[in-house]
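# A closer look at the structure
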Amino acid sequence: MINDASVLKQPTYYEEVERKGYSRRDFMKFVSMITAFMGLEKSAIGQVAKALETKPRIPVIWLHFQECTCCSESFIRSSHPIVADILLDKISLDYTETLMAASGTQAEEALKNTMTKYKGQYILCVEGSVPLAADGVYCMIGGKTSIQILEEAAEGAAAIIAWGSCASNGCVQSAKPNPTKATPIHKLVSGKPVIKVPGCPPIGEVMAGVIVHYLAFGKIPELDRLGRPKAFYSKRVHDSCYRRPFYDAGLFVETFDDENAKKGYCLYKVGCKGPSTYNACGVMKWNNGTSYPIQSGHPCIGCSEENYWDNGRMYERASAFPGFGIEANADTLGKIALGATAVAIAGHAIATNIGKHTTIHNLEEEGKESEHELNV
Amino acid sequence: MSKRIVVDPITRIEGHLRVEADIENGKIKDAYSSGTMIRLLEEILKGRDPRDAWAFVGRVCGVCTSIHSLTSVRCVEDALDIVIPPNAELVRNIMFCTQYIHDHVVHFYHLHAMDWVDVVNALKADPKKTSELAQSISKWPKSSPGYFSDIQTRIKKFVESGQLGIFANGYWGHPAYKLPAEVNLIGLAHYLEALEWQKEIVKVHAIFGGKNPHPNYLVGGMACAISIDDVSGINAERLAYVGQLLKDGKEFIEQVYIPDLMAVASFYKEWASIGGGLGNYLVYGDLPTNGYRDLSHYKFPAGAILNKDVSKVYDVDLKKEEEVQEFVTHSWYEYKEGNDKGLHPWKGESKIKYTGPKPPFDHLDTSKEYSYLKTPRWKGNAMEVGPLARVLVGYARGREDFKAVVDKALKDLNVPITALFSTLGRTAARGLETILTAQWGLEFYDQLMTNIKNGDTRMAEMSKFDPATWPKTALGVGHTEAPRGALAHWINIEDQKIANYQLVVPTTWNASPRDNKGQMSAYEAALIDTPVANETQPLEILRTIHSFDPCMACSVHLYDEDGKTISRISVIGD
């Protein structure tokens with residue numbers, strides 16, 4: 001995918017790190033951390049280190065369309081100092097409207113230069129969706145529509161990263177009635193790998209991890225069938241939730257700030273979407289492991305799932321509870337749980353007062369299946 | 001003969017902004033500001049659960065993250081007559097202060113500094129002299145000659161690599177850069193330091209709201225239950241963590257941000273007479289100390305100032321139809337009864353109608369409609385909102401805390417108070433209010449600790465959370481001071497659902513196109529007479545525009561087409 005010969009003269013990551021005064025020990029610390037983030041075995045540490053020592057730098061173009069810039073903000077929250085340094089200095093971030101010094105003509109020139117000079121080699125990152133209504137006039141930059149800009153930039157990209165829920169599934173502006181016809185990136189480009197990194201925003205270290213994976217191995221991370229990196233999106237928030245034992249024991253917060261909330265019981269009944277949300281929040285947590293929504297007492301709102309804005313009211317979830325576990329395949333469960341259970345309840349009259357014991361049993365089984373699937 | 005130049009995209013802002021300016025004899029004679037992206041969130045909110053609105057409108061902006069969510073829960077609480085517990089108010093205030101500390105520092109170093117600091121020139125600095133200078137203005141420990149020499153070496157090699165990344169095509173060497181090489185090096189070093197620092201202070205949001213960007217809020221209070229004897233709740237460890245983060249944040253503000261701001265400002269005093277613009281300022285106020293409803297006890301007092309006259313502060317009443325109105329004379333919208341009259345948000349209506357050129361295009365026809373932003377006016381006046389407005393209103397209201405920081409800064413720079421009405425004044429005011437919010441954050445933290453110690457652990461008022469308890473119709477308004485200025489949301493609830501939801505946003509006040517009388521808004525007015533040394537390099541335009549800290553995603557929105565009337569609204573001003 002990357003033409004190594006043409007970019008061999010560029011310094012490697014290790015050379016850059018060394019040049020900046022970091023020690024070999026710092027470098028290896030970073031390597032082992034990022035290896036763990038990528039969900040790899042310890043035995044892969046050597047491989048990652050070697051890749052970072054020998055692979056050349058890669059130019060990155062980061063476009064901004066219909067978005068709120070939370071992805072860029074999350075990206076700069078990436079915790080490890082070397083990660084921040086490498087991503088801001090070492091990837092050669094040649095175009096990003098949020099941080100670049102140049103504006104106007106000079107900004108457009110920077111974009112054009114990289115597209116020409118590194119044709120077929122740069123990573124294209126896209127933050128935001130593309131509005132297709134009214135011939136694209138709902139998002140214009142430099143007098144061009146976002147779809148025009150995307151098409152031009154995608155042509156020479158080695159790979160495309162769709163940052164966040166906007167670029168992966170349209171996010172809030174694509175919620176019904178989607179007045180601007182906000183469209184995610186994978187529906188607009190063809191013939192290129194598109195890595196979806198959903199979440200509103202994605203966790204900073206996940207964003208760093210995706211880029212570093214590409215840099216380290218020269219190929220995109222392994223994706224699930226929805227196009228998300230398996231390393232970060234193969235487990236449900238529910239599967240890795242520290243409050244899971246309360247769920248299994250049937251102990252729930254009934255209303256915010258009640259006695260059960262103070263005891264840290266499960267937030268399922270006040271709307272937690274953890275059981276249908278694939279993300280790394282429970283494992284990696286947010287802001288360098290400080291906390292994550294469930295830990296702070298608020299239900300997961302499912303921000304990394306497609307159509308999460310149209311999956312019913314945020315704080316009402318209990319009605320979907322009984323249907324849980326009817327789907328044997330955990331991978332499809334997360335995708336269809338909300339819709340499927342609603343249909344199951346309404347259409348097939350599945351018992352609405354199913355016993356808690358049975359439900360928990362089902363969920364335990366489902367958890368085991370999920371676990372089994374992951375180990376395969 | 002003037003020459004039209006276009007700057008699009010304006011970078012180092014949130015969102016998509018275009019400026020067209022006419023230059024004559026090296027100065028801007030006329031200017032036009034255009035917002036070029038729209039998402040129509042209000043349309044999407046219709047029919048949804050009002051308790052969920054904070055999550056939708058929170059996504060209006062990820063830079064001023066949290067602030068739209070705060071405004072949203074306030075407007076729903078106003079509609080449903082919910083009074084939140086004192087602890088929830090304190091937690092919201094602490095998160096508010098955290099947001100200011102983060103947002104203003106990131107603005108100064110990462111969005112604004114490169115307008116004043118020449119990165120390439122920093123390579124010429126003497127690290128020893130840089131160290132002496134740094135130590136003379138601050139006791140910040142990272143200031144040895146070795147520290148600055150390491151950074152210089154690192155940047156030198158970076159520049160030599162030929163791949164300049166985000167620094168590529170910058171305006172380095174432009175004659176408007178005035179800083180000595182040593183000050184440039186300090187600025188550059190702290191650009192990098194602040195980039196690492198900024199990810200720390202936001203952990204306060206992660207503790208109370210689960211994550212940042214986009215922490216979670218809750219109608220009725222906050223979801224973070226206080227439970228000092230449980231690992232899951234807000235306990236001693238979590239509170240100690242918050243305390244430490246606030247303390248560290250305050251230290252960075254006082255020892256890095258402010259000394260740098262003052263050092264940079266001292267070399268650009270000519271910018272204290274450039275970019276003043278309107279001279280009218282509007283503030284809704286925030287940081288309640290006696291409950292949100294008691295407007296007389298806000299840390300940021302509300303009010304309006306006209307024609308730079310700080311001897312008189314006007315009260316502001318958002319419910320009066322003649323006070324806040326929005327015009328669409330030069331916006332891509334269509335009003336039923338013609339685009340020449342303004343409408344109060346109660347009667348707001350919108351039908352989008354793009355009449356601009358078909359892309360790709362080189363120029364907008366600025367004599368007609370030229371932006372997705374509407375044009376808000378207060379009693380017919382164009383108003384500037386933001387840090388400068390807040391600092392001026394605080395000062396004009398005679399508040400000692402404001403007076404102390406303002407008078408000290410004016411004395412240190414040896415400039416009169418009129419220096420505030422400028423590009424430099426706007427940038428300085430942002431720093432000055434950060435000093436205050438960093439102090440207030442710790443005050444609120446101490447009050448929270450005292451409350452808990454006294455046995456009050458309530459964090460949410462949930463008696464009206466169930467929609468079954470709501471009246472058939474309810475109307476509310478919530479206001480705040482976003483980092484970029486006065487912000488308010490209006491809601492109309494019918495049958496437990498959102499019938500209408502409206503936002504009037506700071507950057508809409510500042511960045512909007514002309515009104516029906518041809519009056520400019522703040523950006524356009526501030527650009528007039530700005531010198532432009534090199535027409536192909538818009539450095540001076542960026543200085544003034546960045547001094548407002550544009551946030552375009554916030555500024556573009558659409559009202560309910562039917563324009564439902566709202567009959568009840570909070571009174572702003574005391």
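Residues numbered from 1 in each chain as written. Chains lettered and ligands numbered in written order. Predicted model: local features only at pLDDT ≥ 70, side-chain atom pairs only at ≥ 80, totals over all residues.

## Observations regarding the overall build of chain B
A count of helices and strands for chain B gives 16 helices and 12 strands. The C-alpha radius of gyration computed for chain B amounts to 23 Å, which stays within 12% of the reference 25 Å derived for 574 residues, consistent with globular compactness. When the backbone C-alpha atoms are referred to their principal axes, chain B occupies close to 70 × 65 × 45 Å. A burial count over chain B gives 63% of its 574 residues as buried. In chain B, 76% of the contacts between residues at least 6 apart in sequence involve partners at least 24 apart. (Helix = DSSP H or I, 4+ residues; strand = E, 2+ residues; numbered from the N terminus. Rg over C-alpha atoms; globule rule 2.2 N^0.38 Å. Buried ≥ 20, exposed ≤ 12 C-beta atoms within 10 Å, placed from the backbone. Contact = placed C-beta atoms within 7 Å.)

## A closer look at the interface of chain A and chain B
Opposite the 78 residues of chain A that make contact, chain B presents 83 residues. Contributions of two or more residues to the side of chain A that touches chain B are made by α5 (70-76), α6 (81-90), β2 (93-96), α7 (104-117), β5 (140-141), β6 (144-145) and α13 (259-262) of chain A. Broken down by element, the side of chain A that touches chain B gets its largest block of residues, five residues, from α7(A). Residues of the side of chain A that touches chain B, tallied by class, amount to 35 nonpolar, 28 polar and 15 charged. (Nonpolar A, V, L, I, M, F, W, Y, C, P; charged D, E, K, R; others polar.)

## Let's talk about the domain arrangement of chain A
Residue and element names in this part refer to chain A. As assigned here, chain A comprises domain 1 (4-231) and domain 2 (244-375). Between domain 1 and domain 2, the contact holds 13 residues from the first and 13 residues from the second. For the side of domain 1 that touches domain 2, the secondary structure elements donating two or more residues are α9 (164-169) and α10 (204-217). Among the residues forming the side of domain 1 that touches domain 2, the class breakdown is six nonpolar, four polar and three charged. (Domains from an automatic or database assignment.)

## Details of the packing of helix α10 (residues 387-396) of chain B against helix α12 (residues 423-453) of chain B
When two helices pack together, their arrangement is given by the angle between the helix axes and the distance between those axes. All names here are of chain B. Two numbers describe how α10 lies on α12: the axes approach to 8 Å, and their chain directions differ by 70 degrees. Taken together, the axes of α10 and α12 lie roughly perpendicular to each other. Seen from above, α10 lies across α12 with left-handed handedness. In this structure, α10 contributes P387, L388, R390 and V391 to the contact, and α12 contributes G425, R426, A429, R430, L432 and E433. Here the residues of the contact of α10 with α12 sort into five nonpolar, one polar and four charged. (Axes fitted to C-alpha atoms, helices over the stretch in contact; angles between N-to-C directions. Parallel < 35°, antiparallel > 145°, perpendicular 65-115°, else oblique. Left-handed = near helix turned anticlockwise from the far one by under 90°.)

## Some details on the sheet that holds strand β1 (residues 3-7) of chain B
All names here are of chain B. Across the sheet, three strands lie side by side as β1-β2-β3; this open sheet has antiparallel pairing. The outermost strands of the open sheet, each flanked by one partner alone, are β1 and β3 (27-35). Strand-to-strand, the axes of this sheet are offset by a mean angle of 20 degrees, without reference to chain direction. By the bridge criterion, five bridges tie β1 to strand β2 (residues 17-24) in an arrangement that is antiparallel. Across the sheet, residue V6 finds its bridge partner in β2, namely E20. (Pairing = 2+ DSSP bridges.)

## With respect to unusual backbone geometry
Going from A:K176 to A:P177, the amide bond is cis rather than trans, its omega being 5 degrees. Residues B:P359 and B:P360 are joined by a peptide bond in cis, for which omega reads -5 degrees. Relative to the helices and strands, B:P360 is located in the loop between β8 (324-327) and β9 (375-378). If you check the backbone angles, B:L287 has positive phi at about 65 degrees while not being a glycine.

## Topic: the nonpolar core
Nonpolar side chains in soluble globular proteins generally cluster together in the buried interior. Residues A:V126 and B:L282 are the most contacted members of the largest nonpolar core, which totals 288 residues. Considering each element in turn, this core owes the most residues, 14 residues, to helix α4 (residues 86-112) of chain B. Those residues in contact with B:L282, other than ones at most four positions away along the chain, are B:A304, B:V316, B:W378, B:M383, B:V385, B:A389, B:A486 and B:W509. (Core = buried A, V, L, I, M, F, W, Y, C linked by C-beta atoms within 7 Å.)

## Some details on the environment of A:S240
Note on placement: A:S240 falls in the loop between α11 (230-233) and α12 (244-248). The residues touching A:S240, leaving out its near neighbours within four places in the chain, are A:K235, A:G282 and A:V283.

## Focus on helix α3 (residues 67-80) of chain B
Residue and element names in this part refer to chain B. With 14 residues, α3 should reach 20 Å at 1.5 Å per residue; the first-to-last C-alpha distance of 20 Å fits that figure. A large share of α3 lies buried, amounting to 14 of its 14 residues. Trailing α3 by a residue or two, D81 shows a phi angle of about 55 degrees, which is positive. (Expected span 1.5 Å × (residues − 1).)

## Here we look at the environment of B:V242
All names here are of chain B. With respect to the element layout, V242 can be found in helix α9 (residues 236-266). Classification of V242 by C-beta neighbours within 10 Å gives buried; the count is 23. Through-space distance from the C-alpha of V242 to that of F208 is 9.1 Å; in sequence the pair is 34 residues apart.

## Describing the confidence of the model for chain A
Residue and element names in this part refer to chain A. Per-residue confidence for chain A gives a mean pLDDT of 80, with 68% of residues at or over 70. Every residue in residues 1-9 scores below 50 in pLDDT, and together they form 12 contacts with partners more than four places removed in sequence or on other chains. Confidence drops under pLDDT 50 across residues 325-376; counting only partners more than four residues distant or on other chains, this segment forms 55 contacts. (pLDDT = per-residue confidence, 0-100.)

## Focus: the environment of B:S266
Tracing the sequence through the fold places B:S266 in helix α9. Note on B:S266: 15 C-beta atoms within 10 Å, which makes it partly exposed.

## Description of the sheet that holds strand β9 (residues 194-197) of chain A
Residue and element names in this part refer to chain A. Read from one edge to the other, the open sheet built from five strands follows the order β2-β1-β3-β7-β9, with strand pairing classed as parallel. At either end of the open sheet lies a strand with only one pairing partner, and these are β2 and β9. Strand-to-strand twist of the sheet, defined as the mean angle between neighbouring strand axes without regard to direction, takes the value 15 degrees. The pairing of strand β7 (residues 157-163) with β9 spans four bridges and is classified as parallel. Looking at the pairing, A162 lines up with K196 of β9. Its contacts with the sheet put α7 on β1 (60-64), β2 and β3 (122-127), and the angle it makes with β2 is roughly 135 degrees. With respect to the sheet, α10 is in contact with β3, β7 and β9, its orientation differing from that of β9 by roughly 160 degrees.

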